[in-house]
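Summary of the model geometry
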Amino acid sequence: MPTIDLTGKAAVVTGSGRGLGLAYAHALAAHGASVVVNDVDEAVAEQAVKSITEAGGSAVAEVVPVGAAEAADRLVSRAVEEFGRLDVLVSNAGILRDKVLWKMTDEDFDAVITTHLRATFTCARAAVVRMREQGEGGTLVLVGSPAGQRGNFGQTNYAAAKAGIAAMARTWSMELSRANITVNTIVPVAATAMTETIPAFAPYVEALRKGEPLPDFLRKREGFGTPEDCAALVPFLASDAARGITGQCIGIGGDKVALWSHPQEIRTAYADGGWTSDALADAWPTSVGAEPQTVGIPAPRIPEA
């Protein structure tokens, strides 16, 4: 089996002070990459850097809220100043402002779109400018969510941002192929403060905090594990072993890894001369509308005690 070696590469991981972002930063450093840790909390960012360096890795902190172009430029500049280059961007930073549509404010919507979608755009743009100047290729790892793939109740802003991120990855994979820059979206599922809000998962997240292992049905059937379980995908995608992988949405969690499908037509019907409204009403139930697509993230199937 090939050994993933990222020695000499430099990475920026946004929102990497804790949780999944910290796990990604640790995994990259463990495989030899130097990492710029990013967080809005200086103490959290410095503690993350300390944990990486104490484990033998190389890391520095850049404390800035992502979203604005100036923040993206700071992150890229820090990587270049400290490590001389930039090879990997992991756009992970995110927040939640969950409300149903009729209660969601403009501020709720804009804050999530800025931190997830706009920040992914500005950070990727700044990173790609540097990678193209270097002329040696690179890796963009964009962080999606099952909510962006299927929608989720109360998450208009978050689901829209994550769906947009997946669409940007598909677009950028085409635009950047000649520069040998790969772009993929990962769709992690892990025990975090976010998933603890899901009632079915809450007791398992709490048990995990107490040192109890997650049950096998969660790790396999639901693909639900720790942040560290999701982290291996990032160094892999940053490595030479994944140079041919781009434009994909890849799910990971627990013991499970999966490839998400792209949206595509699944049933078609035709009418000579075009469709009328009445003809659509007649044909829909037995043609394209015979098996409507489901929406939402399937509820975890918890075995009965």
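Keep in mind that what you see is a predicted model, and the values were worked out from it rather than measured. (Residues numbered from 1 in each chain as written. Predicted model: local features only at pLDDT ≥ 70, side-chain atom pairs only at ≥ 80, totals over all residues. Heavy atoms only, no water.)

This brings us to the environment of Leu-140. Within the secondary structure layout, Leu-140 lies in strand β5 (residues 138-143). In the structure, Leu-140 is positioned 109 residues away from Cys-249 in sequence and 12 Å away in space, judged by C-alpha atoms. (Helix = DSSP H or I, 4+ residues; strand = E, 2+ residues; numbered from the N terminus.)

So, on to the environment of Ala-161. Structurally, the position occupied by Ala-161 is in helix α6 (residues 156-175). Classification of Ala-161 as buried rests on a relative accessible area of 0%. (Buried < 20%, exposed > 50% of the residue type's maximum accessible area, 1.4 Å probe, protein only.)

Of the strand pairs in this sheet, strand β2 (residues 34-39) and strand β3 (residues 58-63) are connected by 6 bridges, and their pairing is parallel. Note that in β3 the partner of Asn-38 across the bridge is Glu-62. What joins β2 to β3 is helix α2 (residues 42-54), and the crossover it makes is right-handed. (Pairing = 2+ DSSP bridges. Right-handed = clockwise from strand over helix to strand, strands pointing away.)

The next point concerns the sheet that holds strand β4 (residues 88-91). Read across the sheet, 8 strands follow the order β3-β2-β1-β4-β5-β6-β7-β8 without closing on themselves; strand pairing throughout is mixed. Since the sheet does not close on itself, it has two edges, and those belong to β3 and β8 (256-259), each with one partner. The average angle at which neighbouring strand axes cross in this sheet is 20°, direction not considered. Of the strand pairs in this sheet, β4 and β5 are connected by 4 bridges, and their pairing is parallel. Bridging across to β5, Ser-91 finds its partner in Leu-142. α2 contacts β2 and β3 of the sheet and is inclined by roughly 175° relative to β3. Its contacts with the sheet place helix α3 (residues 69-83) against β1 (10-13), β2 and β3, and it is angled at close to 150° to β3. (Axes fitted to C-alpha atoms, helices over the stretch in contact; angles between N-to-C directions. Contact = heavy atoms within 4.5 Å.)

In this structure, Thr-182 sits in strand β6 (residues 181-188). Using a relative accessible area of 3% as the deciding quantity, one classes Thr-182 as buried. Among the polar contacts listed, one links the side chain of Thr-182 to the side chain of Arg-243, at a separation of 3.3 Å. Setting aside residues no more than four positions away along its own chain, Thr-182 makes contact with Gly-138, Thr-139, Leu-140, Leu-237, Ala-242, Arg-243, Ile-245 and Thr-246. (Polar contact = N/O pair within 3.5 Å; in protein donor to acceptor, adjacent residues only side chain to side chain.)

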